[in-house]
Amino acid sequence: RVGTTFLGCYAVEDAGAYTFIDVGLPGYWPQMTRFLAARSASLSSVKAVVLTHYHPDHMGNAERLRTQAGATVLVHHDDRAAAMRRFKPPVYPLWKPPVLHLVGHYLRNGVTRTAPVGEASGFADQEVLDVPGRPRVIHTPGHTAGNVALSLADREVLIVGDTLATLSLSSGESGPQLLPRFLNEDHDRALASLEKIEPVEARWVLPGHGLPWEGSPRQAVKLARQIAARTS
Ligand SMILES: [Zn+2]
Ligand SMILES: [Zn+2]
């Protein structure tokens, strides 16, 4: 994992070749290169960037890895067009201190500098991607139309992106939960999509926002539904 408590991305290694699943904010670049250097891996050992969705905090270094490392960028078909054009931010409730804090962190780390990707290949639900680690796609629309989780069954890991967070970006509360309503394109659809990850076997749930969570997707979904019922 590379990143901060707010926002993380994940590298998967297979025989010296790497896939990054999400690539954080532009300001996380030095962390990513340090991560590779610590493993004596060159930039060109990054063969693929798999995006859980098109938001700029998840693809801040995608174009840089594509052009400098020669990595292939992959994203779900339904988010592909959005990943290839400039992002228009939503209206953030900046009167909430955790939101203001987060937006400050994002601006300091260059969120507005995230470049659209020049080229990306699309994938579909249940596809096993031919990239290091061979993640399996689980389409979980709602946060965005092409939002996905990625299962790495042999590593007992489910990378959920923004299907779930383990930290609230609006209240600061920790534990598995949906992203706040103002960040989901279709909140009800995001809630319904939890069904898709519920049966996945894994020991770790790795979110885009918040720290890794040890437990099964089934348990994480149960907790997220409880919070959703309380806050809806
Ligand atoms: Zn997002
Ligand atoms: Zn996010």
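Now for a quick tour of the structure. Computed from a predicted structure; not experimentally measured. (Residues numbered from 1 in each chain as written. Chains lettered and ligands numbered in written order. Predicted model: local features only at pLDDT ≥ 70, side-chain atom pairs only at ≥ 80, totals over all residues. Heavy atoms only, no water.)

### Here's the deal with the coordination of the zinc ion (ligand 2)
Coordination sphere of the zinc ion (ligand 2), protein contribution only: His58 (NE2), Asp162 (OD) and His209 (NE2), at 2.0 Å. Between the zinc ion (ligand 2) and the zinc ion (ligand 1) the interatomic distance amounts to 3.1 Å, and Asp162 serves as a bridging ligand to the pair. Here the residue His58 occupies a position in the loop between strand 4 (46-50) and helix 2 (62-69), and Asp162 occupies one in the loop between strand 9 (157-161) and strand 10 (165-167), the gap between them amounting to 104 residues. Residue His58 is classed as buried on the basis of its relative accessible area of 0%. (Donors = N, O, S within 2.8 Å, 3.2 Å for Na, K, Ca; no water. Helix = DSSP H or I, 4+ residues; strand = E, 2+ residues; numbered from the N terminus. Buried < 20%, exposed > 50% of the residue type's maximum accessible area, 1.4 Å probe, protein only.)

### Overview of the pairing of strand 4
With four of its five residues buried, strand 4 lies for the most part within the structure. With three bridges connecting them, strand 4 and strand 5 (residues 72-76) associate as parallel partners. Bridging across to strand 5, Ala48 finds its partner in Thr72. A crossover connection joins strand 4 to the parallel strand 5 through helix 2; in handedness this β-α-β unit is right-handed. (Pairing = 2+ DSSP bridges. Right-handed = clockwise from strand over helix to strand, strands pointing away.)

### Observations concerning the nonpolar core
In this structure, Phe20, Val23, Val46, Val49, Leu51 and Leu65 are the most contacted members of the largest nonpolar core, which totals 25 residues. Looking at this core, the elements that each hand over two or more residues are strand 3 (17-21), helix 1 (29-38), strand 4, helix 2, strand 5 and helix 3 (77-83). Not counting residues up to four positions away in its chain, the partners in contact with Phe20 are Val2, Cys9, Tyr10, Ala11, Met32, Phe35, Leu36, Val46, Ala48, Val49, Val50 and Leu65. (Core = buried A, V, L, I, M, F, W, Y, C linked by side-chain atoms within 4.5 Å. Contact = heavy atoms within 4.5 Å.)

### Looking at unusual backbone geometry
The backbone of Ala15 shows a phi angle near 50°, a positive value even though the residue is not glycine. Relative to the elements of secondary structure, Ala15 occurs in the loop between strand 2 (8-14) and strand 3. Despite not being glycine, Ser40 has its phi angle at roughly 50°, a positive value. If you trace the backbone, Ser40 turns up in the loop between helix 1 and strand 4.

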